[in-house]
Amino acid sequence: MGRRLDHAKLSDFDEVQKACAKVVTTAQLSSVIDAAIREFGFRWFALVHDGHLQKQQPEQLMMTNYPASWVDEVISDRLYMHDPVHIASARSAFGLCWERIADVIAPTRRQLSVLTRGRDHGLVSGFTIPFRIPGERGAFFTVARKRDRPFSNVEMMTARLIAGVAFQRGRELVGGIELTVPSVSLSPRQIQCLELIAEGKTDWEIGTILGLSQNTIHEYIEEARRRYQVKTRSQLVLAAVRDGKISFNHMK
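Criteria and cut-off values
- Residues numbered from 1 in each chain as written.
- Predicted model: local features only at pLDDT ≥ 70, side-chain atom pairs only at ≥ 80, totals over all residues.
- Heavy atoms only, no water.
- Helix = DSSP H or I, 4+ residues; strand = E, 2+ residues; numbered from the N terminus.
- Buried < 20%, exposed > 50% of the residue type's maximum accessible area, 1.4 Å probe, protein only.
- Contact = heavy atoms within 4.5 Å.
- Areas by Shrake-Rupley, 256 points an atom, 1.4 Å probe, with all protein chains shown as cover.
- Axes fitted to C-alpha atoms, helices over the stretch in contact; angles between N-to-C directions.
- Parallel < 35°, antiparallel > 145°, perpendicular 65-115°, else oblique.
- Nonpolar A, V, L, I, M, F, W, Y, C, P; charged D, E, K, R; others polar.

Per an unreviewed UniProt entry, the protein chain goes by the name DNA-binding CsgD family transcriptional regulator and belongs to Pseudochelatococcus lubricantis.

The secondary structure content of the protein chain amounts to 11 helices and 5 strands. Buried residues in the protein chain amount to 50% of all 252 residues. Taking all contacts inside the protein chain whose residues are at least 6 apart in sequence as the whole, residues at least 24 apart take part in 64%. Carbon and sulfur atoms form 50% of the exposed surface of the protein chain, whose accessible area is close to 12100 Å².

The geometry of helix α8 (residues 188-198) relative to helix α10 (residues 214-228) is characterised by a closest axis approach of 9 Å and an angle of 95 degrees between their N-to-C directions. One way to sum up the angle between α8 and α10 is to call them roughly perpendicular. Along the contact surface, α8 presents R189, Q190, C193 and I197, while α10 presents I217, Y220, I221, E223, A224 and R227. Here the residues of the contact of α8 with α10 are counted per class, giving 6 nonpolar, 1 polar and 3 charged.

Time to look at unusual backbone geometry. Phi at R78 takes a positive value of approximately 55 degrees, unusual for a residue other than glycine. With respect to the helices and strands, the residue R78 is situated in the loop between α3 (68-76) and α4 (84-89). On the basis of relative accessibility, which here comes to 41%, the residue R78 falls in the partly exposed class. One non-glycine residue, Q229, lies in positive phi territory at about 60 degrees. Mapping Q229 onto the fold places it in the loop between α10 and α11 (233-242).

Written out as structure tokens, the structure reads:
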């Protein structure tokens, strides 16, 4: 593994962001993300729009280094229509480890068979992050590996950072949308909230920790999101990390 996660620095992720910013095609972006996830110890990745999948479809996010045999099987057998990973992850604000799927939904036999077939191709454990922007198709970013063990907090945070960069650039490439993340000022309380979001805490949990109401926490976070001009909380955390407001090494 090129970079041990416990020694990762913000500059490592800045390198990924800069490399993504230079690409001009989704194929190039896929190559950059492939190299990045391997560098941080993952084996597989996928960034795809929700819904019907077709290869080479215009304005469709579909980038992956999954085994070609698995991709063909997913598309030809329409397994994405019964994928419990996406169904369960869509109910999670910050991402879901595959071993927790049954905690979120009651998977059917057909859905469980999709997981089994994926394992046959080497996708044993994974972490999937949903992206939801009003008026646009949903998307999912996944990192997976052959080893059957839970993802650590550091691994999940790493996946979220790479996912945010990949989704933002992928969205620009397929939709022609230029996004900028300006440097902004945040209050100490907002920074506390973002640090806790990055650890996977909900508004209610953050309020309990900080001794504030859930509505107050929501207002702090939404104001920070408006200042950064981003749509999702995952993008907000990524922007704050890149801006030096919160530290990756602090979140363990």
